[in-house]
Amino acid sequence: MKMSSVIFLGTGGGRMVVLNQFRSSGGFWLNLDNVKILQDPGPGSLVMVHKLKLKPRELDAIILSHRHIDHSNDVNVMTEAMTGGGFHPHGKLITPGDCLNSDPVVLEYIRPMVDIIEIKEGMEITIGSIKIKYPIKTMHSCDTFGPIYEFSGGKLGYIPDTEYFPELAGAYKGVDYLVINVVRMKTDIRIRHLNISEAEKLVNEIRPKKAILTHFGLQVLKASPGLQAKKITENTGIDVVAARDGMKLEFDGRESLDRWV
Ligand SMILES: [Zn+2]
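Chemist: Quick question: what am I supposed to make of the sheet that holds strand β11 (residues 177–181) here?
Modeler: Hydrogen bonding along the main chain pairs the strands of a sheet, whether they run parallel or antiparallel. With mixed pairing, seven strands are arranged side by side in an open sheet as β7-β8-β9-β10-β11-β12-β13. Of all strands in the sheet, those bounded by a partner on one side alone are β7 (124–127) and β13 (239–242). Taken over all neighbouring pairs, the strand axes of this sheet differ in orientation by 20° on average, direction set aside. Set on the sheet, helix α6 (residues 196–206) makes contact with β10 (154–159), β11, β12 (210–214) and β13; between it and β11 the angle comes to about 165°. Docked against the sheet, helix α8 (residues 225–236) engages β12 and β13, running at close to 170° with respect to β13.

If you want it as C-alpha cells, here you go:
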C-alpha cells in the first residue's frame, strides 16, 4: 500500500483567530497515493507550505470548499506556485461556482494556468488513482461543499463550514477518516457553523476509525481543542484528535500516527 497523509498547514477558523493568527490558517495538504492536493488555502498557506518544506509545483489540485477568506485567500498565489508562475500550466482548481462568478475570488488571469472544475452536488472526479466525491452541499452562507477522497488506504471525508442538519451524517456514512471544522462551543444562529456538541453528534453517527477536529474559533481555543477531542472520544468510543498547526497524520490502512513535520 502506498503511504498517504494529511498535513495541517493551519487549524484556525473564525474572524478573531484568523485575523490575529492565534492559529495558522493555510488549510490542509493531502498526499493520497502520491496525488497531492491542497484543500482550502486560507491566509498564510504559501508561507506554511514553504515553512514545512512542501513543494507546490508537485500539487495536482487545489480545492476550495467555499469562498470565505479564511478558506480562499491564498488561492491565486498558490495556483501561481503550483504552475511555476503560470509558465507550467497543470493541475486542477476545483471550486464552487460562486468563487468564479460575481465578485470572484479566483482572478481572471490565473484561470488559463489550470483546469477549472465547478463543484456540483453528487459530482465525482478521478485524479490519478484517487476519486473525489461530493456527497452533499452544506448549509453555510455561500455555496459550500466538502469532498470524500477515496484512496487505497480508505475514505477520508471533510465536513467544512456548515450549520448542523440531519442529512449530514448520512452523506458521510462509511468514511474511515473524518476531518471536521468546529468553529464554536455554542451556536450563534447568525453564524452558520458547527458547535462542539454537534461535532460530537456527527462523530457518533458517522463512526469513522478516526476523526480530526480543526478550524477552531476563539471559543474552542479557549476551551482547549485537545480536551474537547478527548471528551468526544470518552463519550463515543471513537479515536478523536484535535489538529495542531504542522501536524502530520499518516494513513497506513491500519492506524494513523501523529507526528510533526
Ligand atoms: Zn465559512
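Chemist: Got a minute to help me understand empty space enclosed by the protein in this structure?
Modeler: If you roll a probe as big as a water molecule over the atoms, it shows you where there is empty space left. If you walk through the whole model with that rule in mind, you get one cavity of 30 Å³ or more. Taken as a whole, the largest cavity holds about 110 Å³ of empty space. Lining the largest cavity are 14 residues; nearest its centre among them are Gly10, Gly12, Gly27, Asp40 and His215.

Chemist: What should I look at first to understand the coordination of the zinc ion in this one?
Modeler: Note on metal geometry: ideal angles are 109.5 degrees for four donors arranged tetrahedrally and 90 or 180 degrees for six donors arranged octahedrally. Looking at the zinc ion, the protein donor atoms are His66 (NE2), His68 (ND1), His140 (NE2) and Asp161 (OD), and they sit 2.2 to 2.4 Å from it. Each of the four donor atoms bound to the zinc ion contributes to angles spanning 89 to 173°, and the resulting shape is irregular. Here the donor residues of the zinc ion are spaced in sequence according to H-x1-H-x71-H-x20-D.

Chemist: Explain the layout of surface pockets here, please?
Modeler: In this model, the largest pocket occupies a volume close to 360 Å³. Lining the largest pocket are 20 residues; nearest its centre among them are Gly14, Arg15, Val183, Ile191 and His193. A per-element tally of the lining of the largest pocket places helix α1 (residues 15–20) first, with three residues. Of the residues belonging to the lining of the largest pocket, the class tally is five nonpolar, nine polar and six charged.

Chemist: Just to check I follow, could you spell out the nonpolar core for this structure?
Modeler: The nonpolar side chains of soluble globular proteins are, as a tendency, buried together. In this structure, Ile37, Ile94, Ile132, Tyr134 and Tyr149 are the most contacted members of the largest nonpolar core, which totals 31 residues. Beyond its immediate chain neighbours, meaning those up to four positions away, Ile132 contacts Ile37, Ile63, Ile94, Met123, Glu124, Ile125, Ile127, Pro147, Ile148 and Tyr149. Counting residues in each nonpolar core, the second largest holds 28 residues, with Leu178, Ile206, Phe216 and Ala242 among its members.

Chemist: In this structure, what is going on with the pattern of salt bridges? I would like to understand it.
Modeler: Charged atoms that come close allow side chains of opposite charge to pair. This model, assessed by the stated rule, comprises 11 salt bridges. Note that Glu163 and Arg192 form a salt bridge whose closest N and O atoms lie 2.8 Å from each other. Here the residue Glu163 occupies a position in the loop between β10 and α5 (167–172), and Arg192 occupies one in the loop between β11 and α6, the gap between them amounting to 29 residues. On the accessibility criterion, Arg192 (28% relative accessible area) is partly exposed. Each of Glu124, Lys133 and Glu150 takes part in a single network of salt bridges with overlapping partners.

Chemist: Teacher, can you tell me more about α8 here?
Modeler: Because each turn of an α-helix spans 3.6 residues, side chains separated by three or four positions in sequence point in the same direction. Over its 12 residues, α8 extends 16 Å from the first C-alpha to the last, a length consistent with the 16 Å expected when each residue adds 1.5 Å. Within α8 the residues assigned to the buried category are Pro225, Gln228, Ala229, Ile232 and Thr236. Buried residues along α8 cover an arc of 100° about the axis, so they all sit on one side. Opposite the buried face of α8, at more than 90 degrees from it, the exposed residues are Lys230 and Glu234. The secondary structure elements touched by the buried residues of α8 are α6, β12, α7 (218–222) and β13. Where α8 ends, the next residue or the one after it, Gly237, has phi of about 80°, a positive value.

Analysis parameters
- Residues numbered from 1 in each chain as written.
- Predicted model: local features only at pLDDT ≥ 70, side-chain atom pairs only at ≥ 80, totals over all residues.
- Heavy atoms only, no water.
- Pairing = 2+ DSSP bridges.
- Helix = DSSP H or I, 4+ residues; strand = E, 2+ residues; numbered from the N terminus.
- Axes fitted to C-alpha atoms, helices over the stretch in contact; angles between N-to-C directions.
- Contact = heavy atoms within 4.5 Å.
- 1 Å grid on protein atoms, 1.4 Å probe; cavity = no way out; pocket = protein on both sides within 12 Å on 5 of 7 lines; lining within 4 Å.
- Points joined across faces, edges and corners; volume = space filled by probe spheres on them.
- Donors = N, O, S within 2.8 Å, 3.2 Å for Na, K, Ca; no water.
- Tetrahedral: all angles 85-135°; square planar, octahedral: opposite > 155°, others 65-115°.
- Nonpolar A, V, L, I, M, F, W, Y, C, P; charged D, E, K, R; others polar.
- Core = buried A, V, L, I, M, F, W, Y, C linked by side-chain atoms within 4.5 Å.
- Buried < 20%, exposed > 50% of the residue type's maximum accessible area, 1.4 Å probe, protein only.
- Salt bridge = Lys/Arg side-chain N within 4 Å of Asp/Glu carboxyl O.
- Expected span 1.5 Å × (residues − 1).
- Arc of directions from axis to C-beta.

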